[in-house]
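A structural walkthrough
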Amino acid sequence: MILQFLSAILVLSIIFKLVPYRRRNFWNWLLLLSVFALIVYVFPDISVLKNQVSGFKWMAYPSLYTDFILGGSEHIISAIICLLPILLVILYLNAMPIYSDEHPLSAGCIVLYQFCALVILISAQNFIQLMVGAGCISILGFYLISDSDVKKHYIFYSYIAEMSIFTALAIVYSQFAKINIVNLSEYGKTLKHQDLVLLLILCGVFIKCGMFLFQNYILELQNISFNRILSLSLLSSPLSGLIIFSKLSPLIFQSNFAKVLILTFVILSVLWSLIGICWRDSLSAKILYMNMLFFSMAIYLLCNSADNIYLVIRLLPLLMVLDICLYPADTNRKNIMLSSSRLYWKNHKTEIFMSLVIVSLSVTIILSVLVYPLNYICASLLGIAFIIILRGLYNNTPSDNIVFSQKISSCVFPVVATIIMGYFLYAKPILKLEYCYVYGGLIILLIVVPNRFIDLFAHNTAIQSSDLLKDFYNTFIVAPLRLLGRIMWVLVDVVVIERSLIGNLSQFTSKGVSFLRAKQNDGLKSWIVFLFLGLLLIIINIGSFLYE
């Protein structure tokens, strides 16, 4: 059933990719309705679908045998079902003129491809399917980006991540000649070069998830339209990095310092995300920092148990709701600077009220599904980030610049999301008294948070125009490498090669030429010397031939 569903998705994407350029809005809505109708048709009975596994024989070589598997467990099918709302919402945003960009239909078709690649990745039970799914997601992300400069950095970092993970898996295969992920726990203890495998896998995962020191190419996504930002954040590299981390966790945690290294990067990423939310003036950058905060906490959840990946995927629609509620729906500008485009509290009471209701429901859901004390930490950090962005967005500072008008379309999605989450909480009463402490802290933060302190960063051109991580790379990584290269060039090239090898060779050649020039004349001595040299060469050749 899953195989038929993905095949139908691919056929739809190919058909709509070939439609004419006229009446694009009509085709966008038709694509959304077609995918929705396909979901309703294919998933009539979830309980039957969860017990089905689709696949076929992929490679049947004597030394390399593997199957292509889709599904495989109830958790995988549940995770795929949780990704469907994100797919529908992104197609809806592509169809809305206020969110769409220059090529919305093409972006919608690529999103369908991304969803299929994610299903392949999350269902992977061997190295080949794992790398195929991850590689397809990276390539599709490249085509989804509409900015050429962002494309260059994205494909560069993605290439490094893919090669790091591929090298780690090649090391494992070279020792055991097996590619099944199920067997990782069996030979993980006897694996050689465990630390190298750990560093290679974590390097690829951290790059994909945009952890600390690897966030630059993720932050550059702010230069594209919001619907593409949402697609690349929720259905692209970060999620693929989490899936790879969960599937290769038996290899990761064989090393003694794995948890210490991961925890260090998680703490640095969380702190860096909160700092970025405060000092960056771009709304898109703030939303991307909040997403990085979410994925950093997701990495920490996976440290406790690899099965938490299915919990993280269930929380992804929640992150999508928070992103959409923070982005004004009545503008199609790619980058909104909050210091120059203030919104008024009095003109946007509905949006503010809906945003606060959604963040309250979001905090309640996080508190209910996560394990203590992670629930309080994750709910508080995500709530703090959301409120800081909200206060910056709906600031009561008057401005003569652009003020976004209120539209009914900007409230459609928050209202629907509130109804769905409210029904979830009503069907499963989970509100506890101790949760009020978290709510109380967030309400106090909403009232007391000093906007003037944050505005100092917004009006500081040095902070807004600089890239501290790029400066860090140039100071502590690029500059020492250049210095080392200069030293090696001076020592090896100038001293060893020029002064010894090449210099001595040139001197030897010049002396040999001078000797031969002195002997090459029409005198008797020169004739006798070259005659004997010729005879010597003939004797040596004849002797070597007889010896063989």
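The structure presented is a predicted model; accordingly, all values stated were derived computationally and were not measured.

With that settled, consider the overall build of the protein. Along the protein, the regular secondary structure elements total 24 helices and two strands. Counting the 548 residues in the protein, one finds 50% classified as buried.

The next point concerns the packing of helix 4 (residues 74-95) against helix 16 (residues 308-326). Running from N to C, helix 4 and helix 16 point in directions that differ by 15°, and their axes come no closer than 8 Å. In terms of orientation, helix 4 lies roughly parallel with respect to helix 16. Crossing of helix 4 against helix 16: the hand is left-handed. Across the interface between the two elements, His75, Ile76, Ser78, Ala79, Cys82, Leu83, Pro85, Ile86, Val89 and Leu93 from helix 4 touch Tyr310, Ile313, Arg314, Leu316, Pro317, Met320 and Ile324 from helix 16.

Our focus in this paragraph is the nonpolar core. Counting residues in hydrophobic clusters, the biggest one holds 169 residues, and the most contacted among them are Phe5, Val35, Leu248 and Met290. Not counting chain neighbours up to four residues away, the residues in contact with methionine 290 comprise Ile277, Leu319, Leu322, Asp323, Leu326, Leu382, Ala385, Phe386 and Ile389.

Next up on the list: the side chain of serine 236. With respect to the helices, strands and loops of the structure, serine 236 is situated in the loop between helix 11 (226-234) and helix 12 (237-247). The class of serine 236 is buried, set by a relative accessible area of 0%. In this structure the side chain of serine 236 is engaged in a polar contact, spanning 3.4 Å, whose partner is the side chain of tyrosine 154. When sequence neighbours within four positions are dropped, the list of residues in contact with serine 236 reads Gln114, Ile137, Gly141, Tyr154 and Ser231.

Now for the pattern of salt bridges. As enumerated under the stated definition, the model contains one salt bridge in all. Between glutamate 162 and lysine 208 there is a salt bridge, and its shortest N-O distance comes to 2.5 Å. Residue glutamate 162 is located in helix 7 (residues 148-176), and its partner lysine 208 is located in helix 9 (residues 194-209); the two are separated by 46 residues in the primary sequence. Across the pair, exposure class does not vary: glutamate 162 and lysine 208 are buried alike.

This part takes up the environment of leucine 198. Tracing the backbone shows leucine 198 in helix 9. Leucine 198 sits in the buried class, given a relative accessible area of 0%. For the pair leucine 198 and isoleucine 165, spaced 33 residues apart in sequence, the C-alpha to C-alpha distance is 9.7 Å. Excluding anything up to four places from it in sequence, leucine 198 contacts Ile252, Ser255, Phe257 and Ala258.

For the protein, the mean per-residue pLDDT works out to 78, and 76% of the residues sit at or above 70. Segment residues 398-409: pLDDT under 50, and 30 contacts once partners within four positions in sequence are set aside and those in other chains are kept.

Packing of helix 14 (residues 258-279) against helix 18 (residues 374-393) leaves a shortest axis separation of 9 Å and a crossing angle of 15°. By the angle class used here, helix 14 and helix 18 are roughly parallel. Where helix 14 crosses over helix 18, the two elements pack in a sense that is left-handed. Along the contact surface, helix 14 presents Val270, Leu274, Ile277 and Cys278, while helix 18 presents Leu381, Ala385, Ile388 and Ile389.

Tallied over the full model, the rule gives 13 aromatic pairs. Ring geometry for phenylalanine 212 and tryptophan 272: centres 5.8 Å apart, planes at 70°, overall edge-to-face. In this pair, phenylalanine 212 sits in the loop between helix 9 and helix 10 (216-219) while tryptophan 272 sits in helix 14, placing the two residues 60 residues apart along the sequence. By relative accessible area, phenylalanine 212 is classed as buried at 16%. Overall, tryptophan 272 belongs to the buried group, its relative accessible area being 13%.

Turning next to helix 15 (residues 283-304). With 22 residues, helix 15 ought to run about 32 Å at 1.5 Å a step, and its terminal C-alpha atoms sit 33 Å apart, in line with that. Buried residues dominate helix 15, accounting for 20 of its 22 residues. Its side-chain oxygen placed 3.4 Å from the backbone nitrogen of serine 284, serine 282 serves as the N-cap of helix 15.

Tracing the backbone through its elements, the reader meets isoleucine 252 in helix 13 (residues 249-252). What makes isoleucine 252 buried here is its relative accessible area of 0%. Along the chain, isoleucine 252 and isoleucine 201 lie 51 residues apart, while their C-alpha atoms are 7.4 Å from each other. The residues contacting isoleucine 252, other than those within four sequence positions of it, are Leu198, Ile201, Leu202, Phe245, Ala258 and Ile262.

Examined against the element boundaries, serine 269 turns out to sit in helix 14. Looking at serine 269, its side chain comes within polar contact range of the main-chain oxygen of phenylalanine 265, at 2.6 Å. With sequence-adjacent residues up to four places away left out, serine 269 is seen in contact with Met211, Phe212, Gln215 and Ser296.

Basis of the calculations
- Residues numbered from 1 in each chain as written.
- Predicted model: local features only at pLDDT ≥ 70, side-chain atom pairs only at ≥ 80, totals over all residues.
- Heavy atoms only, no water.
- Helix = DSSP H or I, 4+ residues; strand = E, 2+ residues; numbered from the N terminus.
- Buried < 20%, exposed > 50% of the residue type's maximum accessible area, 1.4 Å probe, protein only.
- Axes fitted to C-alpha atoms, helices over the stretch in contact; angles between N-to-C directions.
- Parallel < 35°, antiparallel > 145°, perpendicular 65-115°, else oblique.
- Left-handed = near helix turned anticlockwise from the far one by under 90°.
- Contact = heavy atoms within 4.5 Å.
- Core = buried A, V, L, I, M, F, W, Y, C linked by side-chain atoms within 4.5 Å.
- Polar contact = N/O pair within 3.5 Å; in protein donor to acceptor, adjacent residues only side chain to side chain.
- Salt bridge = Lys/Arg side-chain N within 4 Å of Asp/Glu carboxyl O.
- pLDDT = per-residue confidence, 0-100.
- Phe/Tyr/Trp six-rings, centres within 6.5 Å; stacked < 30°, edge-to-face > 60°.
- Expected span 1.5 Å × (residues − 1).

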